[in-house]
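Each chain, letter by letter, is given below.
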Amino acid sequence: MAIYLSCEWFVNAVEWLGERLNVGRMAVGTVLAAFGTALPESVVTLVAVTTGGTEEAKDIGIGAAMGGPLALATVAYGVTGAMLLLKRRRERAAVLATAGTPPSDSAVSPDAEEATGTEQDMKRLAKDQKWFLPIFIVKVALGLVAFAFKPALGLLFFTAYAVYFWREIRSSRAEEGDEDEELEPLRLQPKATSPATWAVVAQTLATLVVIFFAAHFFVKQLDVIGPMLGLSATVTALLLSPIATELPEIMNAVIWVRQGKTELALANVSGAMMIQATVPSGIGLLFTRWHFDAALLWSGLTTMAAITYLLLTMRAHRLTPRRLTVAAGFYVLFALGLIPILG
């Protein structure tokens, strides 16, 4: 509950922050919201790989760098699709109820769903996935080889995100700079038509602090609950911890879908994936062996399969809420694949 409420205040603040910084609407999701929620996780990865006394401790940082993109590409997109499906079904049922028509199954059939977002939204989302996939493939490939200058390649991942960041800011301003959408009042100053900049910054930073500590408290609880349920530490780290760590991004998407801002929900997930594919990877390459075992390789292959599925669906212009929900099935596939690997 603490994570959800703090995310509600965060998305409210970050939209005003985008307006203050003259950032286009889509960049609010792909850059500001994604960077804000992913930065604490990157700091945790940095601490793990730089202060870990053993290689096993540093491997936790590598696992986090791989688990984040997996959870986003599968669970986060899946939850977003499920929320869209539920929202649209409720809207159709409400329209039919107003018209006095019984809400038959055929009237709300998912086969009749509209595409998820506009054509422009799909092009943007596809472009983000096209950026993500080759970077992620290189990231996984580097985990299978060893050579002297591999750590130096970590700098290339930071460069890749810098280029993505600059591209998002420029394209977002060029395409959406003229839009003037009315924003909800800032929660910290609900009566102000235009809140003070200090209030926007204060609400953004305060909610990020709460999100950070709440999410990591949740992760620590899972570390305790996992063994109680008979799950090994490895299974808990690979299956449950990534979802808990990415919970802020998932909650942001849920809130924006509920508010009817589908494009921001999708942009937040895709932007967070770009950060997770580059920044933690760069840190891991610089400070660890960056060597993958079978479980980490399987997580990478599952992530690539999920993104390939989404790309093919988007190219066919057939990405509906139901098909977006299917992405969560790849996480189930990952869990099933871990059974023989860890058994």
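For the structure, see preceding data.
Rules behind the numbers
Residues numbered from 1 in each chain as written. Predicted model: local features only at pLDDT ≥ 70, side-chain atom pairs only at ≥ 80, totals over all residues. Heavy atoms only, no water. Helix = DSSP H or I, 4+ residues; strand = E, 2+ residues; numbered from the N terminus. Buried < 20%, exposed > 50% of the residue type's maximum accessible area, 1.4 Å probe, protein only. Areas by Shrake-Rupley, 256 points an atom, 1.4 Å probe, with all protein chains shown as cover. 1 Å grid on protein atoms, 1.4 Å probe; cavity = no way out; pocket = protein on both sides within 12 Å on 5 of 7 lines; lining within 4 Å. Points joined across faces, edges and corners; volume = space filled by probe spheres on them. Nonpolar A, V, L, I, M, F, W, Y, C, P; charged D, E, K, R; others polar. Salt bridge = Lys/Arg side-chain N within 4 Å of Asp/Glu carboxyl O. Core = buried A, V, L, I, M, F, W, Y, C linked by side-chain atoms within 4.5 Å. Contact = heavy atoms within 4.5 Å. Axes fitted to C-alpha atoms, helices over the stretch in contact; angles between N-to-C directions. Parallel < 35°, antiparallel > 145°, perpendicular 65-115°, else oblique. Left-handed = near helix turned anticlockwise from the far one by under 90°. Patch = residues over 30% accessible without salt bridge, like charges linked within 9 Å, V, L, I, M, F, W, Y side chains within 5 Å. Expected span 1.5 Å × (residues − 1). Phe/Tyr/Trp six-rings, centres within 6.5 Å; stacked < 30°, edge-to-face > 60°. Polar contact = N/O pair within 3.5 Å; in protein donor to acceptor, adjacent residues only side chain to side chain.

1. Regarding the overall build of the chain
Next up, step 1: Assigned secondary structure in the chain consists of 12 helices and 0 strands.
Next up, step 2: Along the chain, helices (α) and strands (β) appear in the sequence α-α-α-α-α-α-α-α-α-α-α-α when read from the amino end.
Next up, step 3: Relative to its 343 residues, the chain shows a buried fraction of 52%.
Next up, step 4: For the chain, the exposed surface amounts to about 15,800 Å²; the carbon and sulfur share of it is 68%.

2. A closer look at empty space enclosed by the protein
Next up, step 1: Under the criterion given, the structure shown has 4 cavities of 30 Å³ or more.
Next up, step 2: In this structure, the second largest cavity occupies an estimated 50 Å³ of space.
Next up, step 3: For the lining of the second largest cavity, the per-class residue count stands at 3 nonpolar, 2 polar and 3 charged.

3. Considering the pattern of salt bridges
Next up, step 1: Applying the stated rule across the entire model yields 6 salt bridges.
Next up, step 2: Among the salt bridges present, the one from arginine 187 reaches glutamate 8, with a minimum N-O distance of 4.0 Å. Here arginine 187, found in the loop between helix H5 (154-176) and helix H6 (197-228), pairs with glutamate 8, found in helix H1 (residues 2-20); they are 179 residues apart in sequence, far enough to count as distant.
Next up, step 3: Notably, a salt bridge pairs arginine 20 with glutamate 19, separated by 2.5 Å at the nearest N-O pair.

4. Considerations on the nonpolar core
Next up, step 1: Core analysis: the largest hydrophobic core is formed by 88 residues, its most contacted members being Tyr77, Met273, Ile307 and Leu310.
Next up, step 2: Per-element accounting of this core gives the leading share, 12 residues, to helix H9 (residues 262-287).
Next up, step 3: Residues within four places of isoleucine 307 in sequence aside, it is in contact with Ala73, Gln129, Phe132, Leu133 and Met273.

5. What to know about the packing of helix H10 (residues 294-315) against helix H12 (residues 329-342)
Next up, step 1: For the pair H10 and H12, the least separation of the axes is 10 Å and the interaxial angle reads 160 degrees. Classified by the interaxial angle, the pair formed by H10 and H12 is roughly antiparallel. For the crossing formed where H10 meets H12, the hand is right-handed. In contact with Ala294, Ala295, Trp298, Ser299, Thr302, Ala305, Ala306 and Tyr309 of H10, H12 contributes Phe330, Leu333, Phe334, Gly337, Leu338, Ile341 and Leu342.

6. Re a nonpolar patch on the surface
Next up, step 1: Nonpolar side chains collect at one region of the surface, where Phe35, Leu39, Val43 and Val47 lie side by side and expose about 320 Å² of accessible area between them.
Next up, step 2: Structurally, valine 43 is set in helix H2 (residues 25-51).
Next up, step 3: Overall, the relative accessible area of 41% leaves valine 43 in the partly exposed class.

7. What to know about helix H8 (residues 247-258)
Next up, step 1: For H8, which comprises 12 residues, the first-to-last C-alpha distance of 16 Å matches the rise-based estimate of 16 Å (1.5 Å per residue) to within 8%.
Next up, step 2: Among the 12 residues in H8, 11 count as buried, and that is most of the element.
Next up, step 3: For H8, the complete set of buried residues consists of Leu247, Pro248, Glu249, Ile250, Met251, Asn252, Ala253, Val254, Ile255, Trp256 and Val257.
Next up, step 4: Downstream of H8 by a residue or two, glycine 260 has a phi angle that is positive, lying close to 80 degrees.

8. Quick notes on the packing of aromatic side chains
Next up, step 1: In the structure shown here, the tally under the stated rule is 8 aromatic pairs.
Next up, step 2: Between the aromatic rings of phenylalanine 132 and phenylalanine 136, the centroid separation amounts to 5.2 Å while the plane-to-plane angle is 20 degrees, which identifies the pairing as stacked. Taken together, the residues span about one helical turn, with phenylalanine 132 and phenylalanine 136 both in helix H4 (residues 119-142) at a distance of 4 residues.
Next up, step 3: For phenylalanine 132, a relative accessible area of 1% puts it in the buried group.
Next up, step 4: Measuring from ring centre to ring centre gives 6.0 Å for tyrosine 331 and phenylalanine 334, while their planes differ by 45 degrees; the resulting arrangement is tilted.

9. Concerning the side chain of glutamine 276
Next up, step 1: With respect to the helices and strands, glutamine 276 occurs in helix H9.
Next up, step 2: Within the local environment of glutamine 276, its side chain forms a polar contact with the side chain of glutamate 246, the two groups lying 3.2 Å apart.

10. With respect to the packing of H8 against H9
Next up, step 1: Interhelical geometry of H8 versus H9 gives an angle of 165 degrees and a closest axis separation of 7 Å. Classified by the angle their axes make, H8 and H9 are roughly antiparallel. H8 and H9 meet at a crossing whose hand is left-handed. On H9, the residues that touch Glu249, Asn252, Ala253, Trp256 and Val257 of H8 are Thr262, Leu264, Ala265, Asn268, Val269 and Ala272.
Next up, step 2: Taken together, the residues of the contact of H8 with H9 sort by class into 7 nonpolar, 3 polar and 1 charged.

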